[in-house]
Amino acid sequence: LTRASFGQSLLPKRLSRLASLKLPHHHHFSTTVAIIAEESNPALKFIPDYEGVEFLVGNDAKTLASDPRTLDTEAFIYIVPGSVEALSAAWATAKKPKWVHSFYTGIDALSGFAGESLKEGEQTLTNAKGAYSPSLAEWVITSCLYFNKQIQRCQINREQKVWDKFVMNTLYGKTIGFVGFGHIAQTSAKLAKAFGMRVLALRKNNDKEAPYADVVFPLDSSLSMLSECEFVVCSLPNTPSTMNFLGEEEFNAMPSTSVLISIGRGTAIDEVALDQALEKKSIAGAALDVFREEPLDVLSPLWRHENLLLTAHNADFTDDYCMRGWDVWKANWEAYRAGKAFVTAVKTPSEGY
């Protein structure tokens, strides 16, 4: 399998750049999968090799809609930050579109498309659920340990050559609360339990199974749960109902020794209220991987806080990131070809999760 960069090099033989590459005559494809993505997206270098499958890559609405191969395309893949307009145009052009897969777990970019274009019960949206949960869970535990073991204090001591034999904390017996308890949170909770932590979960659907959770709280009991937590992990998606879900009232409910860890979508955090909480030290600190606007503006007051651990939405950007994403698509593809249920079908696509 030949991997090729886009621009100057040819794409892999089974991969077509719209209106730019003619495949050799001896290649006969029975199925076309349309990928809506920017040509520079690194995920395209890891497209799997399937006999009889042509991957059609495009990011322009007019070009996709006019390509004759789009007519018979049933399966689509959307990779952020691809053009949703191009996806909509290709979907509308196809005679029998059946399935669109989001290469990432978050589907907020496709919620509008799903509400307007997907026919419930006939067409399916899947996502990358589970692909990046292990790396995010590691980052959650890393954040807990960073504050619990006072890593910043240790670094300063070394720099200043201070022999500071302080009392070392442990995670054992501490309480960690999850705001949202989907796959990422449950994977994180599994690791937390391995450290002997008490796990609380706040979730919308209390009738669902909640593995590793010692206590599950309904949404209207959020303040009660937060008041018990040394660590609060927010993994909420970006939806109208989750906007600023954690704000001044919630931060005031948290103990002054507690730490906020945000790994879902930045819109779930009221950053103004968080800035004030960090400034007043009404909470001990925060670990943020996601933000309302990314990249985080250099003028944001969040940068100034010493009690903030900050990463650039790369907690799950691992060396196997793209391959893990394709593994989930392949599992869904095999189910699709076999006429079985999709592995990661999104139940409420128009709601953004």
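What counts, and at which threshold
- Residues numbered from 1 in each chain as written.
- Predicted model: local features only at pLDDT ≥ 70, side-chain atom pairs only at ≥ 80, totals over all residues.
- Heavy atoms only, no water.
- Helix = DSSP H or I, 4+ residues; strand = E, 2+ residues; numbered from the N terminus.
- Rg over C-alpha atoms; globule rule 2.2 N^0.38 Å.
- Buried < 20%, exposed > 50% of the residue type's maximum accessible area, 1.4 Å probe, protein only.
- Contact = heavy atoms within 4.5 Å.
- Areas by Shrake-Rupley, 256 points an atom, 1.4 Å probe, with all protein chains shown as cover.
- Lys, Arg positive; Asp, Glu negative; His and termini not counted.
- Charge placed at Lys NZ, Arg CZ, Asp CG, Glu CD.
- Polar contact = N/O pair within 3.5 Å; in protein donor to acceptor, adjacent residues only side chain to side chain.
- Core = buried A, V, L, I, M, F, W, Y, C linked by side-chain atoms within 4.5 Å.
- Phe/Tyr/Trp six-rings, centres within 6.5 Å; stacked < 30°, edge-to-face > 60°.
- pLDDT = per-residue confidence, 0-100.
- Axes fitted to C-alpha atoms, helices over the stretch in contact; angles between N-to-C directions.
- Parallel < 35°, antiparallel > 145°, perpendicular 65-115°, else oblique.
- Left-handed = near helix turned anticlockwise from the far one by under 90°.
- Nonpolar A, V, L, I, M, F, W, Y, C, P; charged D, E, K, R; others polar.
- Pairing = 2+ DSSP bridges.
- Right-handed = clockwise from strand over helix to strand, strands pointing away.

**Q** Please explain the overall build of the protein chain as it appears in this structure.
**A** Within the protein chain, the regular secondary structure consists of 10 helices and 13 strands. In terms of C-alpha radius of gyration, the protein chain reaches 23 Å, essentially the compact-globule figure of 20 Å for 353 residues. Referenced to the eigenvectors of the C-alpha coordinate spread, the extents of the protein chain come out at roughly 75 × 50 × 35 Å. A total of 353 residues make up the protein chain; the buried ones form 49% of that total. For the protein chain, long-range pairs separated by at least 24 residues make up 63% of all intrachain contacts whose partners lie at least 6 apart in sequence. Accessible surface, the protein chain as shown: approximately 17,700 Å² in total, 52% of it carbon and sulfur. A gap of 6 Å separates the mean positions of the 35 positive and 41 negative side-chain charges of the protein chain.

**Q** Would you explain the side chain of S102 in this entry?
**A** Checked against the element boundaries, S102 lands in strand β5 (residues 99-102). Exposure remark for S102: the relative accessible area of 1% places this residue in the buried category. Engagement of the side chain of S102 in a polar contact is seen with the backbone oxygen of Y104, the distance being 2.8 Å.

**Q** How do you make sense of the nonpolar core when you look at a structure like this?
**A** What tends to happen in soluble globular proteins is that the nonpolar side chains get buried as a cluster. I176, F178, F181, F231 and I261 are the most contacted members of the largest nonpolar core, which has 28 residues in total. Breaking this core down by element, the ones donating at least two residues are α4 (133-148), β7 (175-179), α6 (183-194), β8 (198-202), β10 (231-234) and β11 (259-262). For this core, the element with the highest residue contribution is α4, accounting for seven residues. In this structure, I261 is in contact with W139, V140, S143, C144, F231, V232, V233, C234 and A287, ignoring residues within four places of it in sequence.

**Q** Honestly, the packing of aromatic side chains in this entry has me stumped. Any pointers?
**A** A ring pair, where both rings are aromatic, is described by two values, the distance of the centres and the angle of the planes. In total, this model carries 21 aromatic pairs according to the counting rule given. With a centroid separation of 6.2 Å and 55° between ring planes, the pair formed by Y50 and W333 is classed as tilted. Highlighted residues: Y50 in the loop between β2 (31-36) and β3 (53-58) and W333 in helix α10 (residues 321-338), separated in sequence by 283 residues. Just as Y50 is buried, W333 falls in that class too. Plain terms: the ring middles of F76 and W91 are 5.2 Å apart, the flat faces sit at 55° to each other, and that makes the pair tilted.

**Q** Help me out: how do you make sense of the confidence of the model for the protein chain in this one?
**A** Predicted confidence across the protein chain gives a mean pLDDT of 92, with 92% of residues reaching 70 or more. Across residues 1-14 the pLDDT falls below 50, and counting only partners more than four positions away or on other chains, this stretch makes 36 contacts in the model. In this model, residues 19-28 is a region of pLDDT below 50 whose contacts with residues beyond four sequence positions or in other chains number 12 contacts.

**Q** What's the story with the packing of α4 against α6 in this structure? I'm lost.
**A** When two helices pack together, their arrangement is captured by the angle between the axes and the distance separating the axes. It is at 8 Å that the axes of α4 and α6 come closest, and there the two elements cross at 50°. Comparing the axis directions of α4 and α6 gives the class oblique. As for the relative orientation of α4 and α6, their crossing is right-handed in sense. Facing α4, whose interface residues are S133, P134, L136, A137, E138, V140 and I141, α6 presents H183, I184, T187, S188, L191 and A192. Within the contact of α4 with α6, the residues separate by chemical class into eight nonpolar, four polar and one charged.

**Q** I tried to follow the side chain of S188 on my own but got confused; where do I start?
**A** Inspection of the secondary structure puts S188 in helix α6. If sequence neighbours within four positions are ignored, S188 has contacts with L136, A137, V140, I141 and F178.

**Q** What is the right way to read the pairing of β7 from this model?
**A** Look at any regular strand and the pattern is simple: side chains alternate between the two faces of the sheet. Where burial is concerned, most of β7 is hidden: five out of the five residues are buried. Across the two faces of β7 the burial is the same, with T175, G177 and V179 and I176 and F178 all buried. Examined bridge by bridge, β7 and β8 share five bridges and lie parallel to one another. Each bridged residue has a counterpart across the sheet, and for I176 the counterpart in β8 is V199.

**Q** Where do I start with the pairing of β8 in this structure?
**A** Of all five residues making up β8, four are buried, and the element is well covered by its neighbours. The parallel pair β7 and β8, bridged by α6, forms a crossover whose chirality is right-handed. Sheet topology note: the β8/strand β9 (residues 215-217) ladder contains three bridges and is parallel. Paired with L202 across the strands is F217, a residue of β9.

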